[in-house]
Amino acid sequence: MRYSLAVFVILICNTLSVGQGISISPSRIFFTGEAGQTVSQAITFSNTSTGALSFVANLKDWDRDSLGSKQYYATGNNTGSNASWLTLSENTVQLAPGETKVVNLSMTIPDHPATKQQRHSMLFFTQVKEQKAAQANGLHMNVLIEVGIQVYHTPTGLKSGDLEFLAFEDKGAITVQQGQAFRRMEVKVRNTGQINKDAYVRFELTNIATGEETPVDALPIAMLPESEQWVRVDLPHKLAPGQYLAVAILDAGSQYDLKIAEKEITY
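The residue numbers shown here count from 1 along each chain, following its written sequence. Two thresholds apply to this predicted model, a pLDDT of at least 70 for residue-level local features and 80 or more for giving and counting side-chain atom pairs, whereas whole-chain, interface and lining totals are computed over all residues. Values shown for side chains rest on all heavy atoms present in the structure; no hydrogens or waters enter the calculation.

1. Things to note about the overall build of the chain
The helix and strand tally for the chain stands at 0 helices and 21 strands. Think of it in three bands: residues with accessible area under 20% of the maximum for their type are buried, residues over 50% are exposed, and the middle band is partly exposed, with areas taken using a 1.4 Å probe on protein chains only. Expressed as a percentage of the 267 residues in the chain, the buried residues total 41%. Areas reported as accessible are Shrake-Rupley estimates using a 1.4 Å probe. Residue values count occlusion only from the protein chains shown. Surface summary for the chain: the accessible area is close to 14100 Å², and the carbon and sulfur share equals 48%. By definition, any uninterrupted DSSP run of H or I lasting at least four residues is a helix, any uninterrupted run of E lasting at least two residues is a strand, and each is numbered from the N terminus.

Now the structure itself:
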């Protein structure tokens, strides 16, 4: 018996570029028009592959859960949506090998109170022409590509606000994939502003007695306006016994002050 497995790759980065030879730019669009205006942004597709590619467009609403992960909904199910304001010059994009094409995205901003807050939606382009089939572990695999572009409307006069720590908690030892054990810490962050923000949460772990530092990777976060979310970091579980100082640093860029939270933990 043959099974068909479709693999969808959802990509969201500065320029959407994948191994199948397609790049789409930009990955985030910020419209700043006022009520009653129609504003536009060009979206550029480049096919660097040796085969023709076809994409169809669709819009979805989205939000973030308490851990910052995106949750998607059918349009009209999110009060912060701007999907109904958007139109594309082409809903189907077909690219010959080596071709570059530009599609225009337009936003017509209505004159009602919804325009007084930042609103957002996600514009997806889904590959519909099947690539050459590949055999893997007895499965017939069709690899499809789906890319998402975040679309925001940011009216003038919104307060930028700030990012701040609300809590710093030690969740103790946990076991994750492949039986690896870690010490989990969580910080809760609030965006007090009316616009979305990108930031990094950097962690430092220092043995208080010896001064030895344990390196911890920084974590990127993205926050919607006036939202809160938890940021998890898994520290090494097996360290020398003793007292440690865990420091979390919230870095939202040069226009904001660094925020610092500290917690002593015992290994």
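Okay, back to it.
2. Some words on the side chain of Ser121
Relative to the elements of secondary structure, Ser121 occurs in strand β11 (residues 119-127). For Ser121, a relative accessible area of 0% puts it in the buried group.

3. Quick word on the nonpolar core
We call a set of buried Ala, Val, Leu, Ile, Met, Phe, Trp, Tyr and Cys residues a nonpolar core when their side-chain atoms join them within 4.5 Å. Formed by 25 residues in total, the largest nonpolar core has its most connected members in Val187, Val189, Leu205, Ile221, Leu235 and Leu250. Looking at this core, the elements with two or more residues in it are β14 (163-175), β15 (181-191), β16 (197-207), β18 (219-223), β19 (228-236), β20 (243-251) and β21 (259-266). Core analysis: the next-biggest nonpolar cluster, separate from the first, contains 24 residues, Leu53, Phe55, Leu105 and Phe125 among them.

4. A short note on the pattern of salt bridges
Note that side chains of opposite charge can pair when their charged atoms are close. By definition, a salt bridge exists where a carboxyl oxygen of Asp or Glu is found within 4 Å of a side-chain nitrogen of Lys or Arg. All chains considered together, the criterion is met by 10 salt bridges. Across the pair Glu164 and Arg190 runs a salt bridge whose closest N-O atoms are separated by 2.7 Å. Here the residue Glu164 occupies a position in strand β14, and Arg190 occupies one in strand β15, the gap between them amounting to 26 residues. Given the relative accessible area of 26%, Glu164 is considered partly exposed. In this structure, the salt-bridge partner of Arg190 is Glu228, at a minimum N-O distance of 3.4 Å. Taken together, the residues span a long stretch of sequence, with Arg190 in strand β15 and Glu228 in strand β19 at a distance of 38 residues. Judged by relative accessible area, Arg190 falls into the partly exposed class, the value being 30%.

5. Digging into the packing of aromatic side chains
Only centres within 6.5 Å qualify two rings of Phe, Tyr or Trp (six-membered ring in Trp) as a pair; their planes then separate them into stacked at under 30 degrees, edge-to-face at over 60, and tilted for everything else. By the definition in use, this model includes 6 aromatic pairs. Measuring from centroid to centroid gives 4.9 Å for Tyr244 and Tyr267, while their planes differ by 65°, and the two rings are edge-to-face. Note that Tyr244 is positioned in strand β20 and Tyr267 in the segment after β21, a separation of 23 residues in sequence. Assigned by exposure class, Tyr244 and Tyr267 land together as buried. Among the aromatic residues, ring-to-ring pairing joins Phe30, Trp62 and Tyr152 into one connected group. The criterion for a charge sitting over a ring is simple: Lys NZ or Arg CZ within 6 Å of the ring centre, and within 35 degrees of the ring normal. Here the guanidinium or amino end of Lys70 rests over the ring plane of Trp62, the centre of that ring lying 5.7 Å away.

Limitation: the analysis is restricted to geometry and does not speak to function.
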